[in-house]
Amino acid sequence: MAALALVASGCSSNESKPAAAASTKPAGCPQAWRAGWQRVANRIHAKVYCPTWMPSPIDAQIGGQWDNGVSVEKDKSYLVSFLWHEPPSQDVHVNFRGYPGRTKIPRCEDTEVVGGKVRTTHMPCFSDSHGKRHLGSITATMYTVNRGVDQWHILYAWRDHGSLYAVSEHVIKPLTYAKVVSNLDRMVRGLVPVKPTS
Amino acid sequence: MKLTRKELLVGGAAGAALGAAGIYELVDRLGDSSPSEAASATQAPEQHLVNGLRVERKEGVEVVVPLRHHEVVTAKVVAPQNELLAAQADLAAVLAELDAAYPTTPEALALSVAWGLPYFRAHVPKAADAHLPFDRRAQKPALIDAIRFPSDPEDTNLEANDVAFLFRSDNEENIRTAATEIADRMKGALAVTSIRKGFAGQMDGGKGLPKEMATAAGVPGADLIPDGAELFLGFTSTQRNALGPAKIVNFETLGLVDLGPRSYFHGGTHMHLSHIFEDLEAWYLNQDFRDRVNTTFRPHMLVRPGTQTVAQPPSRVASEREVSRDYSRYGMIGHSSSLQPASRLQQDIHGDDGTLYPKGTAIPQRADFNTLDNPFFWSADPKGDRMGDGPAAGLHFVVFNPTSDDFHRNRLAMDGVMPGGQKLKFPPRAPGQGFNSILKTTHRQNFLVPPRRHRAFPLAEIS
């Protein structure tokens, strides 16, 4: 349905940004997306990063058409996800994460049944570092093997004032690895901080 | 470097396809050095041996440098039965001419002719009954039909070709010339059924052929192949210790085979040929370096991050008990370690010529190569072979073992079915089962490789 709407509207642009967003990095979180991101910052009592550009067709409006959920854990770490899905297997899926007050790569749990036994293993949620990327004021490490909802994603993670942040995008049709890297470069370069107001 | 449409397309007829390089033209454009002039060498009685292979040290490990270009041409015999002897003479003549023109060296051409069971059954059945070698250990003929293994898809095509020609060279032009010459001269006797092409990285610096070729072809996951890798999966597979020494796969060497009344196939061996798709994205996006080492070699093996050539000396060969212990402890087995109880000698053995093969020596001689065929470069039966559009990452797996059963024991071990009979329970293509989870085998067939003197229509003269 989403794809139909996309085709019907003749949308072939490779970017999604609110009308307020200019082609250069704006001073703040775009007007149309700001309220949702402010709510997340207020909920975790810490800074979050709001994107100013998103890969087509999704946008970063929490509660909007492409919202795939917001979750906040007891430790105040958050996950904000946006998804466009076209059956059987086309996605544009972007996750934003933050871990206030901690900089260590989180550990993920993997459970599988082998020979009738349930085996649980713990491993870093982000691994296979592919070096640093300097994107505006952010220097991020690129990880190519990621777990949980970031599985099959390329993920950029960076540390800022004692907290860890990450943005990831799914490598899946219609996107290639190179396109995802280019999208992530652009998304991270355009991130703007949103501080809690309450 | 991006490909033009012309480079991606292959002509419709076998003759045109044999003369075309398609995407593989890039191999020499991307390779660091052009082939040198052929050196002279004596032709060995065995067809499967290549003289003058270079051995280099990579990351402190001795590695046999693989040949750059590979091609397999399969065919059916279409000569009427009463013209089989004439066909034998014609093929023997063209092969002798090629031998004279090209010594069996990397710079010139290594050509092996292998025959499938359909040929022996249909064209020389009585002589085959009397002279085909017999596997004493398995109590079966040394050449039996290929099977689907537990991790194979249900639709893996078990092929029925009469003959396969394996061409290997650092010089693609030599392969093209030889393949075209055989096809032209054998018209009316052989009908080509498939053409399969590919290449191996020679680890000579830079990004390496696998990465450059896959990237040029736009294969998903290509960007993630480590620079300099020999194979798409990022590890070196031709280290000297993991390849059987010269004559170990000969039928007569290890005493596995009864050669029959006239030892007609003395100096021959067995060849398995399969095509395997490799899901590079799943390999590089779902498994980190540690996982890839665990699954390729052995769980919890200590390897420096980024290593491509992992030492596997005879002294560190895994036993069946150790593989079983890994399974119990970690719920996984490594590809190499699970194979070793079947693929390495479990004791010192003196070959038939007195050569000592120490415990831990590898038996199989692999000649596998990267491919972008989908699944073949050309097929006479595109529907039956499920020919796909565009290039796809994969492997044409070619391996020489003393018998079909010996290969089957190796391949079953890779699926957790150990040579001692123990079965480590894995669902098909489970992540714990080596790297089977990212492989998909499309075709399989077993062949007999006669000695050079009988490589043309074997047994036709005594049928």
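Caption draft 1: Structural detail: the overall build of chain A. When helices and strands are tallied, chain A shows 3 helices and 13 strands. Buried residues in chain A amount to 37% of all 198 residues. Considering only contacts within chain A whose residues lie at least 6 apart along the sequence, 52% involve residues at least 24 apart.

Caption draft 2: Representation of helix α3 (residues 177-189) of chain A in the model. Residues and elements named next belong to chain A. With 13 residues, α3 should reach 18 Å at 1.5 Å per residue; the first-to-last C-alpha distance of 18 Å fits that figure. Along α3, the residues that are buried comprise Val180, Val181, Asn183, Leu184, Met187 and Val188. What you see down the axis of α3 is that its buried residues fit within an arc of 160 degrees, all on one side. Packing partners of the buried residues in α3 comprise β3 (54-55), β9 (126-135), β10 (138-146), β11 (153-160) and β12 (163-170).

Caption draft 3: Up close: unusual backbone geometry. Cis rather than trans, the peptide bond between A:Ser56 and A:Pro57 has omega equal to 5 degrees. Tracing the backbone through its elements, the reader meets A:Pro57 in the loop between β3 and β4 (67-72). For the bond from B:Asn374 to B:Pro375, the omega torsion is -10 degrees, close enough to zero to count as cis. As for its placement among the helices and strands, B:Pro375 is situated in the loop between β15 (369-371) and β16 (378-379). Even without glycine at this site, A:Trp152 takes up a positive phi of about 70 degrees. Locating A:Trp152 in the fold gives a position in the loop between β10 and β11. Of the residues examined, A:Trp152 has 18 C-beta atoms within 10 Å and is grouped as partly exposed. The phi torsion at B:Ser263 lies on the positive side, around 45 degrees, for a residue other than glycine. By the element assignment, B:Ser263 lies in the loop between β10 (257-258) and β11 (269-278).

Caption draft 4: Here's a closer look at the nonpolar core. Judged by nonpolar contacts, the single largest core of 158 residues is most densely connected at A:Ala157, B:Ala114, B:Val163 and B:Phe165. Sequence-distant contacts of A:Ala157, that is, excluding residues within four places in its chain, are made with A:Phe126, A:Ala140, A:Thr141, A:Tyr143, A:Leu164, A:Tyr165 and A:Ala166. Within the second largest apolar cluster, 17 residues are counted, among which are B:Tyr327, B:Met332, B:Ala342 and B:Met414.

Caption draft 5: Geometry of the pairing of β4(A). Here 4 bridges tie β4(A) to strand β5 (residues 78-86) of chain A, and the two strands are oriented antiparallel to one another. Bridge pairing in β5(A) links A:Val70 to A:Val80.

Caption draft 6: Layout of the environment of B:Arg262. Following the sequence through the fold, B:Arg262 ends up in the loop between β10 and β11. Taking the C-alpha atoms as reference points, B:Arg262 and B:Phe376, separated by 114 residues in sequence, lie 38 Å from one another.

Caption draft 7: Highlighting the sheet that holds β10(A). All names here are of chain A. Spatially, β4-β5-β6-β12-β11-β10-β9 is the arrangement adopted by the 7 strands of the open sheet, whose pairing is antiparallel. Strands at the two margins of the open sheet, each flanked by one partner only, are β4 and β9. Within this sheet the neighbouring strands show an average axis-to-axis angle of 15 degrees, counted without direction. Pairing analysis gives 8 bridges linking β11 to β12, with the strands arranged antiparallel.

Caption draft 8: How the structure looks around the sheet that holds strand β5 (residues 134-135) of chain B. Residue and element names in this part refer to chain B. Spatially, 3 strands are ordered β6-β5-β10 in an open sheet, and the strand pairing comes out antiparallel. The sheet terminates laterally at β6 (140-141) and β10, the two strands that pair on one side only. Across 2 bridges, the pairing between β5 and β10 is antiparallel. Residue pairing in the sheet places Asp135 in a bridge with Val257 of β10.

Caption draft 9: Local environment of the pairing of strand β8 (residues 117-124) of chain A. All names here are of chain A. Of all 8 residues in β8, 0 are buried, a share of ten percent or less. Across 8 bridges, strand β7 (residues 107-114) lies against β8 in antiparallel orientation. Residue pairing in the sheet places Thr111 in a bridge with Thr120 of β8. Between β7 and β8, which pair antiparallel and follow one another directly, the connecting turn spans 2 residues, one of which, Gly115, has a positive phi of 55 degrees.

Reading guide: rules and limits
- Residues numbered from 1 in each chain as written.
- Chains lettered and ligands numbered in written order.
- Predicted model: local features only at pLDDT ≥ 70, side-chain atom pairs only at ≥ 80, totals over all residues.
- Helix = DSSP H or I, 4+ residues; strand = E, 2+ residues; numbered from the N terminus.
- Buried ≥ 20, exposed ≤ 12 C-beta atoms within 10 Å, placed from the backbone.
- Contact = placed C-beta atoms within 7 Å.
- Expected span 1.5 Å × (residues − 1).
- Arc of directions from axis to C-beta.
- Core = buried A, V, L, I, M, F, W, Y, C linked by C-beta atoms within 7 Å.
- Pairing = 2+ DSSP bridges.
- Axes fitted to C-alpha atoms, helices over the stretch in contact; angles between N-to-C directions.

Coordinates in, geometry out; function isn't part of it.
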